[in-house]
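# Breakdown of the fold
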Amino acid sequence: MLSFIGRSIVQKLVTLFFVSIVSFLIIHLAPGEPSQVDPMNPKFTPEMVERFRQAFHLDEPLYRQYLYFYRDLFTGQTISWKDNQPALKKIWERFLNSLPLFIVGTILTWTISFPVGIRSSIARGRFYDRSATFFSYLLISIPGFFFAYILIIFVVTQFHVPVIGMQTFGAGGTSWIQNIMDRTWHLLLPSILGATGGIAILSRYVRSQMLEVEGQDYVRTARAKGLPSEQVHYKHALRNALLPFVTMFGMILPGLIGGSVIIESIFSWPGMGRMAYEAILARDYPVILTVNFVSAVLVLAGTFISDLLYMVVDPRIRL
Amino acid sequence: MNNTSENAQYQDLTLEEPAAPKRTRLQQFWRLFKRNRLAILGLIIFVLFFCCALTGLVLTSGSKPVFDPAQVRLEEKLLPPLTRPNPETLQPNEIPPMGIYLFGTDDLGRDVFARMLQGAWVSLTVGFVAVGISVLVGIFMGGLAGYFGQHYIHTGHLLWTAFLTAGIGLLAANHPVAGIIILAGAALGPFFFGPGKKLPGAGILKKRTISVDTLIMRFVDIMLCFPSFFLILTVVALLPASIYNIMIIIGLTSWMGATRFVRAEFLSLREQDFVSAARALGLSNFRIIFRHMMPNAIAPVLVSATIGIATAILTEAGLSFLGFGVPPPHATWGNILSDGKRFIFDAPWLTFIPGFAILVVVLSFNLFGEGLRDVMNPKLRERQ
């Protein structure tokens, strides 16, 4: 166990190192330079460009830029080129904005997809199963932005509820209960949208997992013993079908930072995804690279946690 | 006497048709596939979409297209679907060929039907080319890892690669003389230190480092660490806007699944008897891989490719929506929708028509792919 943990941590660190190199190369080898953002600007003299290049180490060879960047990142000194804010602080603020979206979305995903998936595996081939299947394909296939507009039209014309932004503009100063309701309304649509794809995929996965377990011999034995079907489904089958989902808890982690670029930009939600999008537009390399690095750390931590959970939950696995 | 009758009996038996009706693989596949009505629906829609995209390409390209997607008619802007153009304010060559705006017009008075036709071809090619690239890379990497995985990379190989990279790097960095010298050194290296050569100190070049399998699978792990849509967005934003860049980038960021499938299949197939037999017959590796192993390993790749096409179409639409798609005069479904979002309450057809088109096409690919998976996976088949 300990040796497994040690080995996998070393392995993940090596992977992280290569990820940092690859992402750095992708950004810096792409054509164009951040110092040439606006060549037409008359205030932007060549001397100034040269000064900026020196200030941000852009005139040095790539490997030294790499070392400078990651030295700054680990000492927490990375600053955004756009507004000179510390990159980590910026990301943290945006992360706090994205967090409620992520939490509500995850809760919706996990609480809805399990009942739907289990029920459609039990009712296999019947009307419920077929309609659930069709709807989950529909939700997987619908482009997020299109679905967002359908929902916006529907909600705005039917309920006259504000949907854009984190709260109604200028609504401060009213009573706290109104504030909370206002925030909740604004949270509703984006988190539903964030959850739809997850619900569709996860419920399909629950269904196939349940079907696989239901075909096992011990389930047939349980049924042959004359156990009531609830007990067979929920005690014998479901418990074993749940195993792989334990590992999926680890996979949630990367979703923390990925956010959704498209949904956040439709709803003007000042979250992670939108910050990343704005950073890309502004060629703000330190922010792009930091987001990339943090999300790689989260992916690796997620797989590590899911491996550990799997070992704890399933005694048959010896790594 | 007895003997002959027995013989006759055997003859009867051999002449009889085999009890189970013999079907080819394809027939059997079709028989199972036919039962899945949703998958059939997906296939039909896919064929229709393919025809639409082809006719759209023919009708909207060239110097004098039948449907001109770029024709601007400012008098006729934001007309709802099925309106007739007003012949009094338009030049005769501006009137759409069917005498009606089937899907209405957009904010510049361009015919949405013509733009949709043009966009269909973009969606189709993006889906197929991107997935083609990712499947090719996936098969190559997966095949390498699965078939030659147990081979080790020697220090000599690493040194050679380092020389090659350094040479190319120097060439690119305007040091042609040094670059050429180092490249020549790399090219001549195998003649001096190649297999069978006994040179003092050559042993150090034969030190094993890591296996091919480890190398490739670690690379897959590294690629999986990137948040894919964010990575695609970054690269597309940094590169010049062009449809080919988008296809290549989507393809190069989605090959990891195919690699894993091919590798897993190859690892189990290479232990099987028919591969040993092929090797015993002295067939070349190339022939064993492509003639004997690949047909048995391709099923999961095909399924994931079909679903990958759906994902690629969605990704392209998302990029167009964010403004990173195909450059403006050219229409794609994503940018028709993204242009139309400003008029969402006044001209909802600009949002709904491309949205539904994307939805239906992506849905058809997903349904077809899932149907394929059900047919090809004996475990999920219903017990009969």
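### Side note on the overall build of chain A
What chain A contains, in helices and strands, is 14 helices and zero strands. Secondary structure of chain A in N-to-C order comes out as α-α-α-α-α-α-α-α-α-α-α-α-α-α. Here chain A, with 319 residues, has 33% of them falling under the buried criterion. Counting only contacts in chain A whose residues sit at least 6 apart along the sequence, the fraction spanning at least 24 positions is 72%.

### A short note on the overall build of chain B
When you go through chain B residue by residue, the secondary structure sums to 14 helices and two strands. Expressed as a percentage of its 384 residues, the buried residues of chain B come to 37%. Counting only contacts in chain B whose residues sit at least 6 apart along the sequence, the fraction spanning at least 24 positions is 71%.

### Here's the deal with the interface of chain A and chain B
Between chain A and chain B, the residue contacts involve 33 residues of the former and 33 residues of the latter. Within the residue set of the side of chain A that touches chain B, elements represented by two or more residues are helix H1 (2-29), helix H5 (127-141), helix H6 (144-159), helix H12 (261-266), helix H13 (272-281) and helix H14 (285-313) of chain A. Among the elements that line the side of chain A that touches chain B, the one with the most residues is H14 of chain A, at six residues. A per-class count over the side of chain A that touches chain B returns 26 nonpolar, seven polar and no charged.

### Considerations on the packing of helix H3 (residues 37-60) of chain B against helix H4 (residues 112-147) of chain B
Residue and element names in this part refer to chain B. Look at H3 against H4: their axes get within 8 Å of each other, and the N-to-C directions meet at 120 degrees. Crossing of H3 against H4: the hand is left-handed. Residues Phe49, Phe50, Cys52, Ala53, Gly56, Leu57, Leu59 and Thr60 of H3 form the contact with H4, whose participating residues are Ala114, Leu117, Gln118, Ala120, Trp121 and Leu124. Looking at side-chain class alone, the contact of H3 with H4 contains 11 nonpolar, three polar and no charged residues.

### Points about unusual backbone geometry
Residues and elements named next belong to chain A. Phi angles above zero are rare outside glycine, and Ser268 is one such case at about 50 degrees. Relative to the elements of secondary structure, Ser268 occurs in the loop between H12 and H13. A positive phi angle, close to 50 degrees, is found at Arg283, a residue other than glycine. Within the secondary structure, Arg283 is located in the loop between H13 and H14. Residue Arg283 is classed as buried on the basis of its C-beta count, with 20 C-beta atoms lying within 10 Å.

### A few points about the environment of Gly194 of chain A
Residues and elements named next belong to chain A. On the secondary structure map, Gly194 appears in helix H7 (residues 176-214). With 10 residues separating them along the chain, Gly194 and Arg204 place their C-alpha atoms 17 Å apart. Setting aside residues up to four positions removed in sequence, Gly194 forms contacts with Leu101, Gly105, Ser260 and Ile263.

### Digging into the confidence of the model for chain B
Reading fine detail from the predicted coordinates is not recommended where pLDDT is low. On average, residues of chain B score 80 in pLDDT, and 86% of them reach the 70 mark or higher. The secondary-structure element of chain B with the lowest mean pLDDT is helix H1 (residues 2-15) of chain B, recorded at 53, while helix H11 (residues 273-280) of chain B shows the highest, at 91.

### Let's talk about the packing of helix H13 (residues 333-340) of chain B against helix H14 (residues 349-376) of chain B
All names here are of chain B. Across the interface, H13 lies against H14 with an axial gap of 8 Å and an inter-helix angle of 155 degrees. With respect to each other, H13 and H14 are oriented roughly antiparallel. Where H13 crosses over H14, the two elements pack in a sense that is left-handed. Between H13, through Trp333, Ile336, Leu337, Asp339 and Gly340, and H14, the contact on the second element is made entirely by Leu350, Thr351, Pro354, Gly355, Ala357 and Ile358.

### Here's the deal with the environment of His57 of chain A
All names here are of chain A. Tracing the backbone through its elements, the reader meets His57 in the loop between helix H2 (46-55) and helix H3 (62-75). For His57, a count of 14 C-beta atoms within 10 Å corresponds to the partly exposed category. The spatial distance from the C-alpha of His57 to the C-alpha of Ser136 is 50 Å, given a sequence separation of 79 residues. Not counting chain neighbours up to four residues away, the residues in contact with His57 comprise Arg64, Gln65 and Tyr68.

### A word on the nonpolar core
Counting 135 residues, the largest nonpolar core has Ala276 of chain A together with Met116 and Ile313 of chain B as its most contacted members. Broken down by element, this core gets its largest block of residues, 19 residues, from H4 of chain B. Leave out the neighbours within four places in its chain, and Met116 of chain B touches Phe103, Ile336, Ile353, Pro354 and Ala357 of chain B.

### Concerning the environment of Thr157 of chain A
Residues and elements named next belong to chain A. Turning to its location among the elements, Thr157 is positioned in helix H6. Among the residues examined, Thr157 registers 9 C-beta atoms within 10 Å and is labelled exposed. Sequence separation between Thr157 and Ala195 is 38 residues; the distance between their C-alpha atoms is 23 Å.

The rules behind each value
Residues numbered from 1 in each chain as written. Chains lettered and ligands numbered in written order. Predicted model: local features only at pLDDT ≥ 70, side-chain atom pairs only at ≥ 80, totals over all residues. Helix = DSSP H or I, 4+ residues; strand = E, 2+ residues; numbered from the N terminus. Buried ≥ 20, exposed ≤ 12 C-beta atoms within 10 Å, placed from the backbone. Contact = placed C-beta atoms within 7 Å. Nonpolar A, V, L, I, M, F, W, Y, C, P; charged D, E, K, R; others polar. Axes fitted to C-alpha atoms, helices over the stretch in contact; angles between N-to-C directions. Left-handed = near helix turned anticlockwise from the far one by under 90°. pLDDT = per-residue confidence, 0-100. Parallel < 35°, antiparallel > 145°, perpendicular 65-115°, else oblique. Core = buried A, V, L, I, M, F, W, Y, C linked by C-beta atoms within 7 Å.

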